[in-house]
Structure formats: structure tokens, C-alpha cells
Amino acid sequence: RGMGNPRNLTLVYAAGQGNAEVLGLLLDRGVPIDAAYEQQLTALMWAAGQGQAEAVKLLLSRGAKTGLRDDRGLTAEQIARQAGHAQVAQVLAAR
């Protein structure tokens, strides 16, 4: 689900790389912010799991949902904590 559109995939990869410029451009062009990729991972989850604080903040400011869960039942905050990114998890917990 969500994998069929290459722009959705690009959003997820940009989030994981912390590329805020590309993220912003894709969102400006209407790519769904909460589109799910493999394992039901969203761009916010990818950014959180990679410790990309600026990408997480951008996605949150654009309305990314923090309560969505991947196929393991984990939220972006839980993914960040599991990956050892405590500061990113705190940003997410504050939402």
C-alpha cells in the first residue's frame, strides 16, 4: 500500500536521508505526507528511525500523524527510541 507511486517512495527516502529541501518540494507538490511504504512505514517513521531531527520537525510542522503504527505496531516515537535516537523521540513525544 502506498508503494505504487514513485513520489511516495521518494518522500520516504528523502525523510530517511534528512533531505528537508526535497521533503518540502514533494509535500508542496501534493505527495501525501502519511503515505505508507513497506512494512506500513511512513516518512515520519523513516526519519525518526534514522535520527533525522530536522526532517521529523518539518514533517510534524506539515501535519504528519504521530499515532500511526507500522506492521510491528510501533509509532514513530517508538521507532526512534528503539534505534537509539532519544532526542528525536523527545520531539515526537512532545506532540
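These numbers come from a predicted model, not from an experiment.

Criteria and cut-off values
Residues numbered from 1 in each chain as written. Predicted model: local features only at pLDDT ≥ 70, side-chain atom pairs only at ≥ 80, totals over all residues. Heavy atoms only, no water. Phe/Tyr/Trp six-rings, centres within 6.5 Å; stacked < 30°, edge-to-face > 60°. Helix = DSSP H or I, 4+ residues; strand = E, 2+ residues; numbered from the N terminus. Buried < 20%, exposed > 50% of the residue type's maximum accessible area, 1.4 Å probe, protein only. Salt bridge = Lys/Arg side-chain N within 4 Å of Asp/Glu carboxyl O.

The next subject is the packing of aromatic side chains. As enumerated under the stated definition, the model contains 3 aromatic pairs in all. Centre to centre, the rings of Tyr13 and Trp46 are 5.8 Å apart; their planes meet at 80 degrees, and the pair counts as edge-to-face. A residue pair is termed long-range when its members are at least 10 positions apart, and Tyr13 in helix H1 (residues 6-17) and Trp46 in helix H3 (residues 43-49) qualify at 33 residues. Trp46 gets classed as partly exposed once you look at its relative accessible area, which sits at 23%. Taken together, the ring pairs in this structure connect Tyr13, Tyr37 and Trp46 into an aromatic cluster.

Now for the pattern of salt bridges. A complete count under the given rule lists 4 salt bridges for this structure. Between Asp28 and Arg62 there is a salt bridge, with the nearest N and O atoms lying 3.0 Å from each other. Taken together, the positions of Asp28 in helix H2 (residues 20-28) and Arg62 in the loop between helix H4 (53-61) and helix H5 (76-82) put the pair 34 residues apart, joining distant regions of the chain. Relative accessible area serves as the criterion here: at 57%, Asp28 is assigned to the exposed category. Here Arg62 falls in the partly exposed class, since its relative accessible area comes to 37%. In this structure, Lys57 engages Glu54 in a salt bridge whose closest nitrogen and oxygen atoms are separated by 3.7 Å. Taken as a pair, Lys57 and Glu54 lie in helix H4 at a separation of 3 residues, close to a single helical turn. Take Lys57: its relative accessible area is 38%, and that puts it in the partly exposed class.

That's the geometry; what it means functionally is another story.
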